[in-house]
Amino acid sequence: MLIGERIKQLRTIQGLSQRQLALKAGLDPSYLSIVESGRRTNITLDVAQRLSGILNVGIEELMGVESGDKSGLSDKSVADMLKTFTSDFADKLRRMEIVEIPVRGVIPAGNPAAEEEIDLGVIRVPREVVEGKIDRVFALKIGGESLNGDGLHSGDNVLIDPDAPIIDGKIYAVRIGGTEVLARHVYKENGHLRLESSNGEYKRLLATDVEIQGRLIYQMRKL
């Protein structure tokens, strides 16, 4: 069960409306609506603590943390089980922690354009998305509609992993001819790369002078 479903279920048991719970927890009602609808699948530890207090449940119950396989209880001491549970719970919370990734610029998902790295602030994503490579990944803002068949639209933010290997069909940020950049599905073909969109209005591109900037690993839609 997703965190939003658990919150809704517990809220209903307490006889609270979505707005009442949000206000009691000091949250924007629209934020809680997004969480309960499943459009946001994680919350911060601070928010979890506030909600668990109001809903009269332990934070581990709210977050859906399981204590492990009960069939192994007889083989472990209470101290060992508590240590394992605490470690697993702490690890899950750490992975759900929100981290900030810089948005370096706009990448065309349309016709090629000259690359220009600019500061567009940051986006906030769960740590587990960038685990082990937080200092390497970066975000770009999509400009154009050539990938709208993949649910990517102008204004959406995407995370790029510069160390990801090339896998046919995946979406990559690429630089063509040393200056032009764009986002496309990439395929290896007879010594060159075939770049394709998921929008029929854009033609496929065949190129040999292509530099892969990184693979798209996460999408954050514009609200």
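Residues numbered from 1 in each chain as written. Predicted model: local features only at pLDDT ≥ 70, side-chain atom pairs only at ≥ 80, totals over all residues. Heavy atoms only, no water.

### Here we look at the overall build of the chain
The test is simple: Under the scheme used here, helices are H or I runs from DSSP no shorter than 4 residues and strands are E runs no shorter than 2 residues, and both carry numbers assigned from the N terminus. Throughout, exposure labels follow a simple rule: accessible area from a 1.4 Å probe, protein chains only, divided by the maximum for the residue type, with under 20% read as buried, over 50% as exposed, and the rest as partly exposed. Between two residues, a contact is recorded if the distance between any of their heavy atoms is within 4.5 Å. To measure how exposed things are, a 1.4 Å probe is used in the Shrake-Rupley method; for residues, cover is taken only from the protein chains shown.
When helices and strands are counted, the chain shows 6 helices and 10 strands. Split into buried and exposed, the 223 residues of the chain put 39% on the buried side. Taking contacts inside the chain between residues at least 6 apart in sequence as the whole, the part at least 24 apart equals 60%. Of the roughly 12500 Å² of accessible surface on the chain, a fraction of 48% belongs to carbon and sulfur atoms.

### Some details on the nonpolar core
Where we set the bar: Side-chain atoms within 4.5 Å link the members of a nonpolar core, which is a set of buried Ala, Val, Leu, Ile, Met, Phe, Trp, Tyr and Cys residues.
Counting residues in each nonpolar core, the largest one holds 20 residues, and the members touching the most others are Ile7, Leu21, Leu27, Ile43, Leu51, Leu55 and Leu62. Sorting the residues of this core by element identifies helix H1 (3-13), helix H2 (18-24), helix H3 (29-37), helix H4 (45-55) and helix H5 (59-63) as the ones contributing at least two each. In terms of residue count, the dominant contributor to this core is H4 (4 residues). Ranked by size, the runner-up nonpolar core spans 12 residues in total, among them Phe138, Val158, Ile171 and Ala173.

### Topic: the pattern of salt bridges
Keep this limit in mind: Whenever Lys or Arg places a side-chain nitrogen within 4 Å of a carboxyl oxygen from Asp or Glu, that contact is recorded as a salt bridge.
A complete count under the given rule lists 8 salt bridges for this structure. A salt bridge links Arg136 to Asp163; the nearest nitrogen and oxygen atoms lie 2.7 Å apart. Of this pair, Arg136 sits in the loop between strand E3 (122-126) and strand E4 (138-143) while Asp163 sits in the loop between strand E5 (157-161) and strand E6 (171-176); the two residues are 27 residues apart in sequence, bridging distant segments of the chain. Among the salt bridges present, the one from Arg204 reaches Glu196, with a minimum N-O distance of 2.9 Å. Residue Glu196 is classed as buried on the basis of its relative accessible area, which comes to 15%.

### Notes on the environment of Leu27
Looking at where Leu27 falls in the secondary structure, it is placed in the loop between H2 and H3. The class of Leu27 is buried, set by a relative accessible area of 10%. In this structure the C-alpha to C-alpha distance between Leu27 and Arg50, which are 23 residues apart in sequence, comes to 9.5 Å.

### A few points about H4
This is how it is decided: In this context, the arc is that of the directions from the helix axis out to the C-beta atoms.
Within the sequence span of H4, burial applies to Val47, Ala48, Leu51, Ser52 and Leu55. Angularly, the buried residues of H4 cover 125 degrees about the axis, an arc narrow enough to put them on a single face. Close packing links the buried residues of H4 with H1, H2, H3 and H5. The positive-phi residue at the C-terminal boundary of H4 is Asn56, with phi of around 60 degrees.

### Some points on unusual backbone geometry
Backbone geometry places Asn56, a non-glycine residue, at a positive phi of 60 degrees. Position of Asn56 relative to the elements: it lies in the loop between H4 and H5. Residue classification places Asn56 among the exposed positions, given a relative accessible area of 58%. A positive phi is found at Asn190, a non-glycine position, where the angle reads about 50 degrees. Owing to a relative accessible area of 74%, Asn190 belongs among the exposed residues under this scheme.

### So, the packing of H1 against H3
Under the convention used in this document: Only the stretch in contact is used when a helix axis is fitted, and all axes are lines through C-alpha atoms; the angle between N-to-C directions ranges over 0 to 180 degrees. Orientation labels follow simple angle bins: below 35 degrees gives roughly parallel, above 145 gives roughly antiparallel, 65 to 115 gives roughly perpendicular, and whatever is left gives oblique. All amino acids are sorted into three groups, where Ala, Val, Leu, Ile, Met, Phe, Trp, Tyr, Cys and Pro are nonpolar, Asp, Glu, Lys and Arg are charged, and the leftover types, Gly among them, are polar.
Contact pair H1 / H3: the axes reach a minimum separation of 6 Å and the direction vectors enclose 110 degrees. For the element pair H1 / H3, the angle class is roughly perpendicular. Here H1 contributes Gly4, Ile7, Lys8 and Arg11 to the contact with H3, which in turn contributes Leu32, Val35 and Glu36. Of the residues assigned to the contact of H1 with H3, the class counts are 3 nonpolar, 1 polar and 3 charged.

### Examining the side chain of Arg194
Defined as follows: Side-chain atoms alone can form a polar contact between residues adjacent in sequence; in general such a contact is a pair of N or O atoms within 3.5 Å, and within protein one must be able to donate a hydrogen while the other accepts it.
In this fold, Arg194 is placed in strand E8 (residues 192-196). Residue classification places Arg194 among the buried positions, given a relative accessible area of 15%. There is a polar contact of 2.4 Å between the side chain of Arg194 and the side chain of Glu189. Apart from the residues within four sequence positions on either side, Arg194 is in contact with His185, Val186, Tyr187, Glu189, Arg204, Leu205 and Leu206.

From the geometry alone we can't say anything about function, so treat these as descriptive.
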